[in-house]
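Below are the chains, spelled out letter by letter.
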Amino acid sequence: MRDSPRGYGLPAPQESGVARIPYTRTPGIAPGAGVSFTPLHQLRGRLTPSGLHFERHHAGVPAVDPEQHRLIIHGRVREPLSYGVNDLLRYPLVSRLHFLECSGNSLVNALPEPQQLSCGVIHGLVSCSEWTGVPLALLLDEAGVADDAAWGIAEGADGARMNRSIPLAKLRDDALIALYQNGERLRPEQGYPLRLFLPGWEGNTSVKWLRRIELARAPVHSREETARYSDLLASGKAQQFTFEMGVKSVITHPSPGAELGPPGVYEISGLAWSGAGRVSRVEVSADGGASWADAELEEPALPRCLARFRIAWRWDGGPALLASRATDAAGARQPERADWLARYSPGGEKYHYNAVQRWGIAPGGGVANVYA
Amino acid sequence: MKSPGVSIGLLLVAACVAPARTNSPVANASPRFGRHASAAEIAALDIDIAPDGAGLPPGSGTPAEGAAVFAVRCASCHGAAGEGGPADPLVGGVGSLTSAKPLLTVGSFWPYATTLFDYLRRAMPYDSPGSLSADEVYALSAHLLERNGVIPAETRLDAVNLPAVRMPNRDGFESAISRGQPH
């Protein structure tokens, strides 16, 4: 029995187990506020299929009518401007390959006990796509930004009207008004019909369903940059505006969810990234960090994009402790978990976790989350 | 005498370069496919409240008025006394940030009272965001600030005195930007 050509193709039925893992903390009262994790342990390459791109919503996915929706740029500008979706599609559309990572990715690893969850559930609030859209700098120049403007307050059309204050320098640098993802229009859960995209910055700042940017002299200190997405330091002070995601890596194969078979030669494979730019080096250890070897990084090395690394490993069937450690082109290297924790108060939400991940291999091939 | 190839080339270039907007002082390459945004359409969307109070609408409210609204619109998620469950705790923990068990609430952690007004108006209650009137938002803000010991019970909160409220954790935030590095 052979199937006919169809309009929108889907994976083979045998692959139906490859899916995002949704999670809502309080489904009874806030059904839209939650996440779905990318199943990193089931994927290869560096790109995330659009239907598997992670989600994080504060108020669910709104149904935004692309015919009615407008992007307004106003505030400290010479002329406030309003753009329809069809207007924006007429501009030069540039394409960039970039990761997007939630600021709270991997936060379960800040808990006192290592959680036995799949690699995707632990680290799956990171994905990588080709983002296509209008360079925001072009639109800012049309509006004419005033000399005393230093920030753009970006706000979405979701139920929470989520807003973040963004430094003007970033908006002028490489910010995109993204309309396409991996060749097709944005998915609804990724901000259809348009979103702000800020390469390398914490995901919350790439405001989905963007409806306006207000140019201002100062940040507004919204709830999402004070009560949330700020790091309570060991001193009791809270650090806000930590925009750039730190250098990070994780071994996806083997990992919890991608266990080993019989002893033999395996390829250790994983992903590395940095909000600062390119990943320059990934080291892999099979003895918990006593010794390290350089993994091969797949070409091309792209800035603020997932990089696939791999190294061959002969497993003798005994206990092993795998780890990867990435260094970026700016010279920053992933910290150990204990060093990362030491910066922060034991209380407060945990964000920006980028410590080294260890996987414990047991005889029989099982893989567990292990703290050093 | 130019060669035919060069002449055709110049013709193509001339045809592709559109006439500039001669009344615009900035670079004439911008196509300007959008349109002017009117004050009315901006006003309908512009709900930011800045820390200095810019954007606060007319209206007012007292802690007692806010307690009544809270009981109906907020308590089912945030607890009758704002103690939390299942949603975040809103009250308590003032002074606990340097302790072994910090409790982060509106009173103990938020640096600006204007952020509270801003967030309530745009995002709460969760199931019907934007449904609170300006008076209700002032009243709820007053109630939560009073419960956290920040303002006296007889306060009538409005656009003038709300931005003047000094939160306990007003000096508790540092900007990573000023340090010149992300971490």
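Structure: see above.
These notes cover the structure that comes with them. Bear in mind that the values here come from a model prediction, so they are computed numbers and not experimental data. (Residues numbered from 1 in each chain as written. Chains lettered and ligands numbered in written order. Predicted model: local features only at pLDDT ≥ 70, side-chain atom pairs only at ≥ 80, totals over all residues. Heavy atoms only, no water.)

## Details of the overall build of chain A
Counted only if it meets this: Strands here are runs of E lasting at least two residues and helices are runs of H or I lasting at least four, both read from the DSSP assignment and numbered beginning at the N terminus. Throughout, the radius of gyration refers to the C-alpha atoms, and the reference size of a globule is 2.2 Å times the residue count to the power 0.38. Each residue is assigned to one of three classes by its accessible area relative to the maximum for its type, calculated with a 1.4 Å probe on protein chains only: buried under 20%, partly exposed between the two thresholds, exposed over 50%. Two residues form a contact once any of their heavy atoms are found within 4.5 Å.
For chain A, the count of helices and strands is five helices and 24 strands. Relative to a compact globule of 372 residues, whose C-alpha radius of gyration would be 21 Å, chain A shows 21 Å and is just as compact. With the C-alpha coordinates of chain A rotated into their principal frame, the extents come out at 70 × 65 × 45 Å. Across the 372 residues of chain A, 60% fall into the buried class. When contacts within chain A are restricted to residue pairs at least 6 apart in sequence, long-range pairs at least 24 apart make up 72% of them.

## Quick notes on helix 6 (residues 113–123) of chain B
Most of helix 6 of chain B is tucked away: eleven of the eleven residues are buried. As for helix 6 of chain B, its buried residues are in contact with strand 8 (151–156) and strand 9 (163–167) of chain A together with helix 5 (106–109) and helix 7 (134–147) of chain B.

## Regarding the pattern of salt bridges
What counts, and what does not: A side-chain nitrogen of Lys or Arg and a carboxyl oxygen of Asp or Glu constitute a salt bridge if their distance falls within 4 Å.
One pass over the full model with this rule turns up 38 salt bridges over all chains. Across the pair A:R172 and A:D141 runs a salt bridge whose closest N-O atoms are separated by 3.2 Å. Of this pair, A:R172 sits in helix 4 (residues 168–173) while A:D141 is found in helix 3 (residues 136–143), placing the two residues 31 residues apart along the sequence. A relative accessible area of 44% means that A:D141 is categorised as partly exposed. Its salt-bridge partner being B:R122, residue A:E155 comes within 2.8 Å of it at the nearest N-O pair. Of this pair, A:E155 sits in strand 8 while B:R122 sits in helix 6, on two different chains. With relative accessibility at 0%, the residue A:E155 sits in the buried group. Salt bridges linked by common partners bring A:E155, A:R211, A:R212, A:E214, B:D46, B:D48, B:D118 and B:R122 together as one network.

## Some points on the nonpolar core
Note the cut-off: The criterion is simple. A nonpolar core is a set of buried Ala, Val, Leu, Ile, Met, Phe, Trp, Tyr and Cys residues joined through side-chain atoms within 4.5 Å.
Counting residues in each nonpolar core, the largest one holds 37 residues, and the members touching the most others are A:L136, A:L139, A:I177 and A:L196. Of all the secondary structure elements, the ones that give two or more residues to this core are strand 4 (70–75), strand 5 (81–84), helix 1 (85–88), helix 3, strand 8, helix 4, strand 10 (176–181) and strand 13 (210–216) of chain A. Sequence-distant contacts of A:L196, that is, excluding residues within four places in its chain, are made with A:L136, A:A154, A:I166, A:L171, A:A175, A:L176, A:I177, A:T205, A:S206, A:V207 and A:L210. Listed in part, the 36 residues of the second largest apolar core include A:A227, B:F117, B:Y119 and B:A123.

## Here's the deal with the sheet that holds strand 14 (residues 231–232) of chain A
Here is the rule we go by: A pair of strands is considered paired only if DSSP assigns at least 2 bridges between the two.
Spatially, the three strands line up as an open sheet ordered 14(A)-15(A)-4(B), and their pairing is mixed. Of all strands in the sheet, those with a lone pairing partner are strand 14 of chain A together with strand 4 (173–175) of chain B, marking the two edges. Pairing between strand 14 of chain A and strand 15 (residues 238–240) of chain A: two bridges, direction antiparallel. The residue of strand 15 of chain A that forms the bridge with A:L232 is A:A238.

## Let's talk about unusual backbone geometry
Note the cis peptide between A:E299 and A:P300, where omega equals -10°. Turning to its location among the elements, A:P300 is positioned in the loop between strand 20 (296–297) and strand 21 (307–315). With omega at -5°, the peptide bond leading from B:G85 into B:P86 counts as cis. Structurally, B:P86 is set in the loop between helix 4 (75–78) and helix 5. Even without a glycine there, the phi angle at A:R304 is positive, about 55°.

## With respect to the interface of chain A and chain B
Let me state the cut-off plainly: By buried area we mean how much accessible surface two parts lose on assembly, using a 1.4 Å probe and totalling the loss over both. Throughout this description, a polar contact denotes any pair of N or O atoms lying within 3.5 Å of each other; where both atoms belong to protein, one of them has to be capable of donating a hydrogen while the other can accept it, and for residues adjacent in sequence the pair is counted only when both atoms sit in side chains.
Opposite the 65 residues of chain A that make contact, chain B presents 49 residues. Taken over both partners, the interface formed by chain A and chain B buries close to 4,700 Å², and the fraction arising from carbon and sulfur atoms is 57%. By the criterion of area lost to chain B, the three top residues of chain A are A:I29, A:R161 and A:R223, representing 12% of everything that side buries. One can count seven salt bridges joining chain A with chain B. The closest approach of N and O atoms between A:R223 and B:D88, which form a salt bridge, is 4.0 Å. Linking chain A to chain B there are 23 residue pairs in polar contact (both at pLDDT 80 or more).

So yeah, pure geometry; function would need other evidence.
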